[in-house]
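Structural description and commentary
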Amino acid sequence: QVQLVESGGGLVQPGGSLTLSCVASRSIYSIYRGWYRQAPGNERELVATISSGGYTNYADSVQGRFAISRDNTKNTVYLQMNSLKPEDTAVYYCNVRDGVPPYRDYWGQGTQVTVSS
């Protein structure tokens, strides 16, 4: 079993920056790793993904402002968030999909990001 622990969330003013970290309890083969977010009353939405080859994909709403990266030696995925907006307020979840059947998804418990004046 793999446990994911997110950290780095907090309260930040609009225009500010935060870096989220997701540390896995052990290494795991996965083609994609990603960050999702969910605000109360809203659906959980994809924020960013990074492939094993380093290719990144972002939601249109965060394109140009967020950057996802990984450090395999530390079993860690990062999300650098810049130019934060109030609409970025949500609980952010780390996701890792196992690269072998049954391709199980592993989720962290989330870290709160609040963007407010």
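First things first, this report covers the structure right here in the doc. (Residues numbered from 1 in each chain as written. Predicted model: local features only at pLDDT ≥ 70, side-chain atom pairs only at ≥ 80, totals over all residues. Heavy atoms only, no water.)

We now examine the nonpolar core. One finds Trp 35, Phe 66, Leu 79, Met 81 and Tyr 92 to be the most contacted residues of the largest nonpolar core, which totals 29 residues. Listed by contribution, the elements that provide at least two residues to this core are β3 (18–24), β5 (45–51), β7 (66–71), β8 (76–81), β9 (90–97) and β11 (111–115). Excluding residues that lie within four positions of it along the chain, Phe 66 makes contacts with Arg 37, Val 47, Tyr 58, Leu 79, Gln 80, Met 81, Asn 82, Leu 84, Asp 88 and Tyr 92. (Core = buried A, V, L, I, M, F, W, Y, C linked by side-chain atoms within 4.5 Å. Buried < 20%, exposed > 50% of the residue type's maximum accessible area, 1.4 Å probe, protein only. Helix = DSSP H or I, 4+ residues; strand = E, 2+ residues; numbered from the N terminus. Contact = heavy atoms within 4.5 Å.)

Attention now moves to the state of the cysteines. Inspection of every chain in the model, using the stated rule, returns one disulfide. Residue pairing for Cys 22: its cysteine sulfur links by disulfide to Cys 94, the two sulfurs lying 2.1 Å apart. Handedness here is read from the sign of the S-S torsion; for Cys 22 and Cys 94, about -80 degrees, the answer is left-handed. With Cys 22 in strand β3 and Cys 94 in strand β9, this residue pair connects regions lying 72 residues apart in the sequence. When its relative accessible area of 1% is taken as the criterion, Cys 22 is described as buried. Here Cys 94 falls in the buried class, since its relative accessible area comes to 0%. (Disulfide = S-S within 2.5 Å.)

On to the pattern of salt bridges. Counting across every chain of the model gives four salt bridges. With a shortest N-O distance of 2.7 Å, Glu 45 and Arg 37 are connected by a salt bridge. For Glu 45, a relative accessible area of 35% translates into the label partly exposed. What makes Arg 37 buried here is its relative accessible area of 5%. Two residues, Arg 37 and Asp 88, come together in a salt bridge whose shortest N-O distance is 2.9 Å. In this pair, Arg 37 sits in strand β4 (residues 32–38) while Asp 88 sits in the loop between β8 and β9, placing the two residues 51 residues apart along the sequence. Side by side, Arg 37 and Asp 88 carry an identical accessibility label, which is buried. Three or more residues joined by partner-sharing salt bridges are found here, namely Arg 37, Glu 45, Arg 65 and Asp 88. (Salt bridge = Lys/Arg side-chain N within 4 Å of Asp/Glu carboxyl O.)

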